[in-house]
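Here are the chains, one letter per residue:
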Amino acid sequence: MGYRSQVVMAVSPRKLGDLLTAVATNKEAFELFQQGLKEGQKGYQEDGDVLLVWGYIKWYTSFECVGVFDKFIETMIDEGHDEEYRFVRVGEEADDIFCVGDYALDIYPSTSINY
């Protein structure tokens, strides 16, 4: 079965080319991109950007295809491009939430009580 997450990523049109270049190097990463776009949309905040959505996914950075996205995010952080992307991952545990980037700030985790 494995640990599952919900993952949402938005990338501005100015950095979409960098992401596409990164995923083009790995067939599974490109397929993961296409899967995220199928649930997401183009033109989410502005023309030329993308919203990628994955629900109930094993988002392990040890998976090479996920590592491609992780490396992209690390590069965005290292180069100070916070305004060009947004990445939010929510795991199964209450405290397993990871948010980075300032693009598309309407993407955020929320909590609720289920009973």
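Here's what I pulled together on the structure shown here. All values derive from a computational prediction rather than experimental measurement.

As for its placement among the helices and strands, Glu-84 is situated in the loop between α3 (64-78) and β4 (85-90). Side-chain polar atoms of Glu-84 contact the side chain of Ser-12, separated by 2.5 Å. With residues near it in sequence (within four places) discarded, Glu-84 still touches Ala-10, Val-11, Ser-12, Arg-14, Lys-15 and Tyr-103.

Right, let's get into α3. Its 15 residues place the ends of α3 20 Å apart at the C-alpha level, agreeing with the 21 Å of an ideal helix rising 1.5 Å per residue. Inspection of α3 places Cys-65, Val-66, Val-68, Phe-69, Phe-72, Ile-73 and Met-76 among the buried residues, and these make up the whole buried set. Axial view of α3: buried residues confined to an arc of 155°, hence all on one face. Across from the buried face of α3, at angles greater than 90 degrees, the exposed residues are Glu-64, Lys-71 and Asp-78. Taken together, the buried residues of α3 touch β1 (5-11), α1 (13-23), α2 (27-39), β3 (50-57), β4 and β5 (97-100). Directly after α3, the chain includes Gly-80, whose backbone phi takes a positive value near 70°.

Turning our attention to the sheet that holds β5. Strand order in the open sheet formed by five strands is β2-β3-β1-β4-β5, and the pairing between neighbours is antiparallel. Each end of this open sheet is capped by a strand with a single partner; those strands are β2 (41-42) and β5. Here β1 pairs with β4 via six bridges, running antiparallel. Paired with Val-11 across the strands is Tyr-85, a residue of β4.

Moving on, we get to the pattern of salt bridges. Applying the stated criterion to the full structure yields five salt bridges. Between Arg-14 and Glu-46 there is a salt bridge whose closest N-O contact spans 3.2 Å. In this pair, Arg-14 sits in helix α1 while Glu-46 sits in the loop between β2 and β3, placing the two residues 32 residues apart along the sequence. On the basis of relative accessibility, which here comes to 49%, the residue Arg-14 falls in the partly exposed class. For Glu-46, a relative accessible area of 30% puts it in the partly exposed group. Residue Arg-14 pairs with Glu-84 through a salt bridge whose shortest N-O separation is 2.8 Å. With Arg-14 in helix α1 and Glu-84 in the loop between α3 and β4, this residue pair connects regions lying 70 residues apart in the sequence. Residue Glu-84 is classed as buried on the basis of its relative accessible area of 14%.

With that settled, consider α1. Along α1, the residues that are buried comprise Lys-15, Leu-16, Leu-19 and Val-23. Taken around the axis of α1, the buried residues stretch over an arc of 120°, which confines them to a single face. On its buried face, α1 sits against β1, α2, β3 and α3.

What counts, and where the lines are drawn
Residues numbered from 1 in each chain as written. Predicted model: local features only at pLDDT ≥ 70, side-chain atom pairs only at ≥ 80, totals over all residues. Heavy atoms only, no water. Helix = DSSP H or I, 4+ residues; strand = E, 2+ residues; numbered from the N terminus. Polar contact = N/O pair within 3.5 Å; in protein donor to acceptor, adjacent residues only side chain to side chain. Contact = heavy atoms within 4.5 Å. Expected span 1.5 Å × (residues − 1). Buried < 20%, exposed > 50% of the residue type's maximum accessible area, 1.4 Å probe, protein only. Arc of directions from axis to C-beta. Pairing = 2+ DSSP bridges. Salt bridge = Lys/Arg side-chain N within 4 Å of Asp/Glu carboxyl O.

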